[in-house]
Each structure stands twice: as C-alpha cells, then as structure tokens.
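Fold and geometry: a report
For reference, the chains in residue letters:
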Amino acid sequence: MGNLLEKYDFKFKKKFGQNFLKDKNILQNIVQKSEIDNDTLVIEIGVGAAALTKFLCKSAKNVLAYEIDETLKPIIKEELKDKDNVEVLFIDFLKSNVKKDIEKYSYSKLYVVANLPYYITTPIIEKIINDNLDVDKIVVMVQKEVGDRFSAKVGSKEYNSLTVFLNYYFDIKKIINVSRNSFVPAPNVDSVVVEMKKTKNKYNVINEELFFKLVRDSFKYKRKNLKNNLKEYNLEIIKEVLSKYNLDLNVRAESLEIEQFVEISNKLNEVM
Ligand code: SAM
C-alpha cells in the first residue's frame, strides 16, 4: 500500500477522515470474525487504498464499495486489478441510493463491513437504518467512545435514541480493540471494531412508526424530561405506564429501557 501511495503522490485528507489501516493481522481478523461467506454481498464504506477491500473480496461473493475521494482511483484500480467480484463507486455514501445500487446482485446475506470515516460515523449508521436495507450484520471500526455509545447502558450519558434503535434491531458487541498506532496517519483516538448482528424481533412493537417517533421525540432535548419533550402526546397514558415502574413524567428518556418505550408506544397505539 505504502509504495502505491508514494507512486501516485497521494496526500491524506483529514476532512475525509483518512486514516488507513496498515496492520494486516487486524484486517484479516476483521474479515475472519465477520464470518463472510461466498453467499454474502458486502457493502464497504470508504475504500481508502483498498487494504480491507482486498481481504473482503477473498471471502465474499461480491463487494460493493463506496469512496468519496477520486484521487484514490488509480491506487484502488491497481490494488484491485486481479479481483473480479468488486465494484467501487466514487460517490458520497451519504448521498447514494444503496437500495438501487444493490438491486442487480443476488445474495443470501447482506453485510456492511467498514473502517468508517469517523467524522460521519453516526450519519452513516443512521442511513443504513433509515434506508431499510435489511442488513444481516454490520461490522464497523469506530472511535472507541462511539463504540461505547452503541452498547451504552440505560442511564449512562452515552445512551441516546441511536442506542435504542441499534439495540432494537441488533445484538451488539465489541470484537477487536485497535490501537491508534495501527493506522497511517495515526489518529488522536483509539478504535474498536463493533459487530451488530440482526436479531429476531425481540420486542413486540405493534406500530413501529409510532415507536420510532416516540423514541426520537423523547430524546429531542437531552436535558428536558418526558413531560416537556412529549407535550403533544397523550400524557395520561404515558403516566399510567410509568407509574407501574415507580416513575413519573419528570423522568428523562435516558432512564428508560427499550422495553418501557415499547410498552408506552403500544399503549398509545391502542387509543389512536
Ligand atoms: N478502508 C480503508 C482502510 O481500512 O484503510 C480506509 C478507511 S478511512 C478510515 C475512511 C475512508 O472513507 C477514506 O478513504 C475516505 O476518503 C472515505 N470517505 C470519507 N467520507 C466518505 C463518504 N462520505 N463516502 C464514501 N467514502 C468516504
């Protein structure tokens, strides 16, 4: 990788979160732990110098990869010249139409595996969820603190609406700790690889749209309690559910378990 970066006089761009993974063992470990097989379509976000892409191609049926920085084109082309199961789209992943891009592929499992550009970790994860891609697994390298947020426990300051959504859809675990020295250039933070495996519907949500809206609205203003964040809801019903848990409307969203959001939304749905 180093030689090609020099050959094409590549300049790392901070604004694109370009910290390339140089440790082969970690790259191999990510792919191995992802359990990709030859029926898997892998979406990769942020190809960089194709270090991870090369390993993904070896295990997957197909790899569909996104890269925003066109100056990487010649390097990626050369690195992947003998791979026939990869397509690289040089566009901003956040503006892409992934559903359309994957239409032509046949596969039995859809995974997202990526060493994410950290400046847009949350928008990328939100897009994967909001686009309804029906992914079976997400394996992403993220900044250590963000990894903590994904699996944050109720009541902690990291717990927010994204935590609730992610834990609603996935079983989440941290699988590899990665030192900042495994990257070139080295970032200011350590990293962690997080695995999110789609779960069988654990929660009995009757109206998903209402559930998602309720969770989003509950966390709208972090410092406000439910009474203030949920002004336009039927507060009597919410109060009734909360009282079962010795809570009242002065509680903040960060103190509620997913199950409690589910119960509130199901009760609200009954009277709609
Ligand atoms: N996968 C490579 C690796 O592991 O070495 C590169 C990882 S680097 C942390 C993130 C990559 O994402 C960079 O190559 C960067 O140019 C790319 N990137 C940044 N913003 C992007 C976006 N909006 N859409 C697609 N790629 C993006």
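In this text, all values refer to a predicted model and were calculated from it rather than measured experimentally.

Another point: the overall build of the protein. Scanning the protein from terminus to terminus reveals twelve helices and nine strands. For the protein, the C-alpha atoms occupy an extent of roughly 65 × 40 × 30 Å along the three principal directions. Per-residue burial over the protein gives 50% buried out of 272 residues. The contacts in the protein between residues at least 6 apart in sequence include a share of 68% that link residues at least 24 apart. Put simply, the protein shows about 13900 Å² of open surface, and 46% of that area lies on carbon and sulfur atoms.

Pairing in this open sheet of seven strands is mixed, and the strands run S4-S3-S2-S5-S6-S9-S7 from one edge to the other. Of all strands in the sheet, those with a lone pairing partner are strand S4 (86-89) and strand S7 (170-178), marking the two edges. Here the strands of the sheet are splayed against their neighbours by 20° on average, with no regard to which way each runs. Set on the sheet, helix H6 (residues 121-130) makes contact with strand S2 (40-45), strand S5 (109-115), strand S6 (137-143), S7 and strand S9 (191-198); between it and S6 the angle comes to about 170°.

So, on to empty space enclosed by the protein. Over the atoms, a rolled probe matching the size of one water molecule traces out where space is still vacant. Counted according to the given criterion, the structure contains one cavity of 30 Å³ or more. A per-class count over the lining of the largest cavity returns three nonpolar, two polar and four charged.

Looking at the largest pocket, its volume works out to about 690 Å³. Residue lining of the largest pocket: 40 residues in total, with Phe16, Gly17, Gln18, Asn19 and Pro117 positioned closest to the centre. Residue assignment for the lining of the largest pocket shows that the elements contributing at least two residues are strand S1 (20-21), S2 and helix H3 (51-59). Taken together, the residues of the lining of the largest pocket sort by class into 27 nonpolar, eight polar and five charged.

Next up on the list: the packing of helix H2 (residues 24-34) against H3. At a minimum axis separation of 10 Å, H2 and H3 run at an interaxial angle of 40°. It follows that H2 is oblique to H3 by the angle criterion. Between H2 and H3 lies a crossing of right-handed hand. Within the contact between the two elements, H2 uses Lys24, Leu27, Gln28, Ile30 and Val31 and H3 uses Ala51, Leu52, Phe55, Leu56 and Ser59.

Assigned domains of the protein: these are domain 1 (2-198) and domain 2 (208-270). With centres defined by C-alpha atoms, the gap from domain 1 to domain 2 works out at 34 Å. At the junction of the two partners, domain 1 supplies eleven residues and domain 2 supplies 14 residues. Between domain 1 and domain 2, the buried area comes to about 1100 Å², and carbon and sulfur atoms account for 69% of it. Among the residues of domain 1 in contact with domain 2, Tyr159, Phe165 and Tyr168 are the three that bury the most area, contributing 45% of the side total. Connecting domain 1 to domain 2 are zero salt bridges. Inspection of the domain 1/domain 2 interface yields four residue pairs in polar contact (both at pLDDT 80 or more). A class-by-class count of the residues in the side of domain 1 that touches domain 2 yields six nonpolar, four polar and one charged.

Before going further, it helps to examine H2. Restricting attention to buried positions, one finds in H2 the residues Ile26, Leu27, Ile30, Val31 and Ser34. Angularly, the buried residues of H2 cover 135° about the axis, an arc narrow enough to put them on a single face. Counted as exposed and oriented over 90 degrees from the buried face of H2: Lys24, Asn25 and Gln32. Buried residues along H2 sit against S1, H3, S5, S6, S7 and S9.

Turning next to the site of the ligand. Around the ligand, a shell composed of 22 residues is seen, among which Gly46, Glu67, Asp92, Asn115 and Tyr119 lie nearest. One nitrogen or oxygen atom from the side chain of aspartate 92 is found 2.8 Å from a nitrogen atom belonging to the ligand. Placement of the ligand is best described as lying within the largest pocket. Taken together, the residues of the shell around the ligand break down into 13 nonpolar, six polar and three charged.

About the criteria used
- The residue numbering used here restarts from 1 in each chain and proceeds along that chain's sequence as written.
- The model is predicted, so local features are restricted to residues of pLDDT at least 70 and side-chain atom pairs to those at 80 or more, both for listing and for counting; the totals for chains, interfaces and linings are taken over all residues.
- Only hydrogens and water are set aside; all other atoms, that is, all heavy atoms of the structure, feed into the side-chain values.
- Going along the chain from the N terminus, every DSSP run of H or I of four or more residues is numbered as a helix, and every run of E of two or more is numbered as a strand.
- Any residue under 20% of the maximum accessible area for its type is buried, any over 50% is exposed, and the rest in between are partly exposed; the area is computed with a 1.4 Å probe on protein chains only.
- Any two residues whose heavy atoms approach within 4.5 Å are treated as being in contact.
- Computed by Shrake-Rupley with a 1.4 Å probe, the accessible areas treat only the displayed protein chains as cover when residues are assessed.
- Two strands pair under a simple rule: DSSP has to find at least two bridges between them.
- Axes here mean lines fitted to C-alpha atoms, for a helix over just the part in contact, with angles spanning 0 to 180 degrees between N-to-C directions.
- Think of a 1 Å grid over the protein atoms and nothing else: a 1.4 Å probe that fits but is trapped marks a cavity, an open set flanked by protein within 12 Å on at least five of seven lines marks a pocket, and residues with an atom within 4 Å of a point count as lining.
- Grid points are joined across faces, edges and corners, and a volume is the space filled by probe spheres set on the points.
- Amino acids outside the nonpolar list (Ala, Val, Leu, Ile, Met, Phe, Trp, Tyr, Cys, Pro) and the charged list (Asp, Glu, Lys, Arg) are all regarded as polar, and Gly is one of them.
- Angle categories: roughly parallel below 35 degrees, roughly antiparallel above 145, roughly perpendicular from 65 to 115, and oblique for all the rest.
- It is the rotation of the near helix from the far one that decides the hand of a crossing: anticlockwise by less than a right angle makes it left-handed, clockwise makes it right-handed.
- What fixes the domain bounds is an automatic or database domain assignment.
- The term buried area refers to how much accessible surface (probe radius 1.4 Å) is lost by two components on association, counted for both of them together.
- The term salt bridge refers to a side-chain nitrogen of Lys or Arg lying within 4 Å of a carboxyl oxygen of Asp or Glu.
- Nitrogen and oxygen atoms within 3.5 Å of one another constitute a polar contact, given that in protein one can donate a hydrogen and the other can accept it, and given that sequence-neighbouring residues count only through two side-chain atoms.
- The directions considered for the arc are those from the helix axis to the C-beta atoms.
- Near residues are defined by distance, with any heavy atom within 4 Å of the molecule or strand qualifying the residue.
- Assignment of a molecule to a cavity or pocket requires that more than half of its atoms lie within 2 Å of the corresponding grid points.

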